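What follows is the residue order along each chain.
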Amino acid sequence: MTYQSINPNDGKLLKSFEHLSNAQLDKALAAAESCFQTWKHKSFAERAVILNRAAALLHAHVDDFARLETLEMGKRIDEARGEVKFSGDILGYYAQHAESFLATAHLHPKHGKAHMESSPLGVLFCVEPWNFPYYQLARVAGPQLMAGNVLVVKHAGCVPQCAIAFEKLLLDAGAPVGAYTNLLISYEQSDRVIDDPRVKGVALTGSVAAGRSVAARAGQNLKKSTMELGGSDAFIVLDDADLDLALPWAVWGRMFNVGQTCCAAKRFIVLDAVADEFLARFKTALEALLPGDPMIEATTLGPLSTETALLQLLAQVDAAVKGGAQLLLGGERIARPGWFMQPTILTDIAPGNPAFRDEFFGPVVSLFRVKSEDEAVALANDSDFGLAGSVWTRDEARGRRVASRVDTGMMFVNNIDWTDAELPFGGIKHSGYGRELGRMGIQEFVNKKLVRSGAIAAPV
Ligand code: NAP
């Protein structure tokens, strides 16, 4: 495993980076621990100055950050710009709200007084994926730096330049050395970091396989961890759905970031009454997407992030078809340089087919027809994952009832407006545990300490 920045639009190597030596890694951990000793005593207002400056720098240099991301992992430039702005918003939001989220809470026991106070845990180790190279970092950095923790971060091997750019952003904003450190390290070194007694918590976003490995290591060390893993979200179209509303969201929900989103709509579960129309219109919309250089605004279908990702997806589609699924659209690599795949639709996926349970991390639609609302809910819940999902119906109360019956960490009714700086994000089952963002996210790595005071007579 190496850190290599390769342009997914043409496969050209842009830059490669060496791993840190163990001596450099130890130095970075020592700097983080030493920084924590002062950072934890800073006021919220002092920390907020730095986070607000970082937010302003992101907003002032949207294009520079976005172009780097497009170059390195192939996200279409408009989407990349949106991500940079949103990352800035997240940093700004926690600069403003962290203090109120972490304010002392007063309790009312029968005797004496009691309160819960919050204090930071220390150095946190974050392992992050490439699909949102800045947003994923902002999601941990905003809340956790404001909470008084410091971060050492292992970003994905294919986005080293974005990883370095985000570290520089915080240093440029005035963060002391050690508050946020990017680590270019191997998996063995990652284990070493988790084992290190200076590290007090571990947050990972990534695949189930990575989650199992990193969570197990954190568990051996009895360290708190949060896991934001994969998903196979259901997009449930009920018989009274407004298809004019649902279809653009279906296209966006599956094709945003070329389908490489944890909470993308992946399993389209459509009631018979509307299935023919939904499928025909969905297919037409996917066929109209225009592959091209993601740096050009007119492009509507960018490349996948790496050649490995593309080959894995093609193999998954192949296995699905061998397992009896019907290929209604696409299924092939696009004949041009770079790592482009045709938008693909699979139907007739039976329970024994690997495609029934696996996550497709790319532009592949799995479409299921069902006869009733109950069948839709049962199918949505027949998944190892439990990240998010959506329900489409003209009757919003019905939509909320269905949403309540689906076993996931997040549900959306008549939208898939996935994330907001103030909304908690996370899943259950193999999609992981814990939450990032929101009042819940910022509490994950703080000591919630109970203090009970008052001279209470001892029991006799
Ligand atoms: P991945 O291979 O698990 O990589 C994610 C990160 O984990 C990378 O930094 C990777 O490093 C690192 N990693 C993997 N195995 C590791 C190990 N044994 N020890 C230490 N670090 C390890 O994930 P991916 O396939 O690139 O990303 C896509 C997955 O992430 C999908 O399943 C997606 O659904 C999920 N995801 C979830 C969320 C969420 O919030 N729930 C958000 C985004 C993505 P290297 O790159 O160096 O291998």
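What you see is a predicted model; the values in this text were computed from it and never measured.

Trainee: So what's going on with the domain arrangement of the protein chain? Which residues, and what values?
Mentor: Here the protein chain is partitioned into domain 1 (3–229 + 431–451) and domain 2 (233–413). If you average the C-alpha positions of domain 1 and of domain 2, the two centres end up 30 Å apart. Taken together, the contact pairs 25 residues of domain 1 with 29 residues of domain 2. Sorting the residues of domain 1 by area buried against domain 2 places N9, R76 and S431 first, and these three jointly supply 27% of that buried surface. Where domain 1 packs against domain 2, one counts one salt bridge. At the surface where domain 1 touches domain 2, the tally comes to ten residue pairs in polar contact (both at pLDDT 80 or more).

Trainee: Would you mind going over the packing of aromatic side chains in detail, with residue names and values included?
Mentor: Inspection of the entire model under this criterion finds 21 aromatic pairs. Measuring from ring centre to ring centre gives 5.4 Å for F278 and F282, while their planes differ by 55°; the resulting arrangement is tilted. Of the two residues, F278 and F282 both sit in helix α10 (residues 272–287), four residues apart, roughly one turn of that helix. A single burial state applies to F278 and to F282, both of which are buried. Put simply, the rings of F86, F132, Y135, F235, W249, W252, F256, F268, F278, F282, W392 and W418 pair up and form one aromatic cluster. Taking the ring centre of F44 as reference, the NZ or CZ of R47 above it sits at 5.3 Å.

Trainee: Account for the packing of helix α3 (residues 62–73) against helix α4 (residues 77–101), naming residues and giving values.
Mentor: At a closest axis distance of 8 Å, the pairing of α3 and α4 adopts a crossing angle of 125°. Compared by their axis directions, α3 and α4 come out oblique. By crossing handedness, the relation of α3 to α4 is classed as right-handed. Facing V62, D63, F65, A66, R67, E69 and T70 of α3, the residues of α4 in contact are I77, A80, R81, E83, V84 and K85. Its residues assigned to classes, the contact of α3 with α4 comprises six nonpolar, one polar and six charged.

Rules used throughout
Residues numbered from 1 in each chain as written. Predicted model: local features only at pLDDT ≥ 70, side-chain atom pairs only at ≥ 80, totals over all residues. Heavy atoms only, no water. Domains from an automatic or database assignment. Contact = heavy atoms within 4.5 Å. Buried area = accessible area lost by both parts, 1.4 Å probe. Salt bridge = Lys/Arg side-chain N within 4 Å of Asp/Glu carboxyl O. Polar contact = N/O pair within 3.5 Å; in protein donor to acceptor, adjacent residues only side chain to side chain. Phe/Tyr/Trp six-rings, centres within 6.5 Å; stacked < 30°, edge-to-face > 60°. Helix = DSSP H or I, 4+ residues; strand = E, 2+ residues; numbered from the N terminus. Buried < 20%, exposed > 50% of the residue type's maximum accessible area, 1.4 Å probe, protein only. Lys NZ or Arg CZ within 6 Å of the ring centre and 35° of its normal. Axes fitted to C-alpha atoms, helices over the stretch in contact; angles between N-to-C directions. Parallel < 35°, antiparallel > 145°, perpendicular 65-115°, else oblique. Left-handed = near helix turned anticlockwise from the far one by under 90°. Nonpolar A, V, L, I, M, F, W, Y, C, P; charged D, E, K, R; others polar.

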